[in-house]
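Here's the letter readout for the chains.
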Amino acid sequence: MQLFESFLVRRNICGIEQTGLNLFFKNLFEFCQSSPSVETIVEIIKTRYGTIQLPDDEFVAKNIRNHNAFNAACLEHVLIEYNNHLSNIEDIESYETREHIYPQTPNSDEWNFSDEDGAKILNTLPNILPVTKKHNSSLSNAPFSKKVESYEEHSMYAMTRAFAKKYKKWDVDKFNERAEEITEWFLDRFPNYFDK
């Protein structure tokens, strides 16, 4: 199950279309001759399904920084897993909504991004945090200083509070730093079974 979880999450976070996999899963058990194992499944996928894209670590790392993950089907799962990884208290099973750190409509000089850089990072995984609906509507397009203070004082999510404690400014360098942190965690949590 971990193999399939990693396989699907890695593809989805990179924006790889999942259509066509229904036949793949339908026939896979048959190809395993009713004895599936990680090694058997990996070998079958590599030899029989050459057209199925298997994103390697480099491809995943690039897409974590660049791909629009805001509406990815796996986003909630990834944010919950990262939150629970950072949490010292009870794990969450869901969250209400998600928030852009750098907002969709920045209206303050406090944002240290050019319009081009802001547009590039807007919907990427490192620029997204879980929040409650009430918290999200109260922040909207607020300046970063107000957002980060509110994240630290009012968020019920460990991931959001941890961000606020660590990042007292948000610019391209800090975005890249957070992208590296998330990528390191992601590649460990969702390993590449096809490159072993």
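Only a predicted model underlies this, so the values are computations on that prediction, with no experimental measurement involved.

## Here we look at helix α4 (residues 57–66)
Those residues of α4 lying buried are Val60, Asn63 and Ile64. Down the axis of α4, the smallest arc covering the buried residues is 105°, so these residues share one side. Along α4, the residues that are exposed and aim more than 90 degrees away from the buried face are Glu58 and Lys62.

## Overview of the packing of aromatic side chains
Between two aromatic rings, the relevant description is the distance of the centres plus the angle of the planes. Scanning the entire structure with this criterion turns up 14 aromatic pairs. Aromatic pair Tyr102 and Trp111: ring centres 5.5 Å apart, planes at 85°, arrangement edge-to-face. For the residue pair Tyr102 and Trp111, the accessibility class agrees, reading buried in each case. Ring geometry for Phe163 and Tyr167: centres 5.0 Å apart, planes at 25°, overall stacked. Across this residue pair, the class does not change: Phe163 and Tyr167 are buried. Members of the aromatic cluster, joined through ring pairs, are Tyr102, Trp111, Phe113, Phe144, Tyr151, Phe163, Tyr167, Trp170 and Phe175. The cationic tip of Arg98 hangs over the ring face of Phe70; the distance from NZ or CZ to the ring centre is 4.3 Å.

## Things to note about the environment of Ala158
Mapped onto the elements, Ala158 comes out in helix α9 (residues 158–166). A residue is classified by how much of its surface remains accessible, and Ala158, at 10% relative accessible area, is buried. In this structure the C-alpha to C-alpha distance between Ala158 and His85, which are 73 residues apart in sequence, comes to 9.0 Å. Setting aside residues no more than four positions away along its own chain, Ala158 makes contact with Asn83, Leu86 and Ser87.

## Considering the packing of helix α5 (residues 75–86) against helix α10 (residues 172–189)
For the pair α5 and α10, the least separation of the axes is 11 Å and the interaxial angle reads 95°. As far as their axial angle goes, α10 and α5 are roughly perpendicular. Residues His77, Val78, Glu81, Tyr82 and His85 of α5 form the contact with α10, whose participating residues are Arg178, Glu181, Ile182, Trp185, Phe186 and Arg189.

## Describing helix α8 (residues 144–154)
Along α8, the residues classified as buried are Phe144, Lys147, Val148, Ser150 and Tyr151. Down the axis of α8, the sector holding all buried residues measures 160°, keeping them to one side. Projecting away from the buried face of α8 at angles above 90 degrees are the exposed residues Glu153 and His154. Where the residues of α8 are buried, they touch β1 (97–100), β2 (128–131), α7 (133–139) and α9.

## Some details on the packing of helix α1 (residues 2–13) against α10
Contact geometry of α1 with α10 gives a least axis separation of 10 Å together with a crossing angle of 145°. Every residue of α10 that contacts α1 at Glu5, Ser6, Val9, Arg10 and Ile13 is listed here: Phe186, Leu187 and Arg189.

Parameters and conventions
Residues numbered from 1 in each chain as written. Predicted model: local features only at pLDDT ≥ 70, side-chain atom pairs only at ≥ 80, totals over all residues. Heavy atoms only, no water. Buried < 20%, exposed > 50% of the residue type's maximum accessible area, 1.4 Å probe, protein only. Helix = DSSP H or I, 4+ residues; strand = E, 2+ residues; numbered from the N terminus. Arc of directions from axis to C-beta. Phe/Tyr/Trp six-rings, centres within 6.5 Å; stacked < 30°, edge-to-face > 60°. Lys NZ or Arg CZ within 6 Å of the ring centre and 35° of its normal. Contact = heavy atoms within 4.5 Å. Axes fitted to C-alpha atoms, helices over the stretch in contact; angles between N-to-C directions. Parallel < 35°, antiparallel > 145°, perpendicular 65-115°, else oblique.

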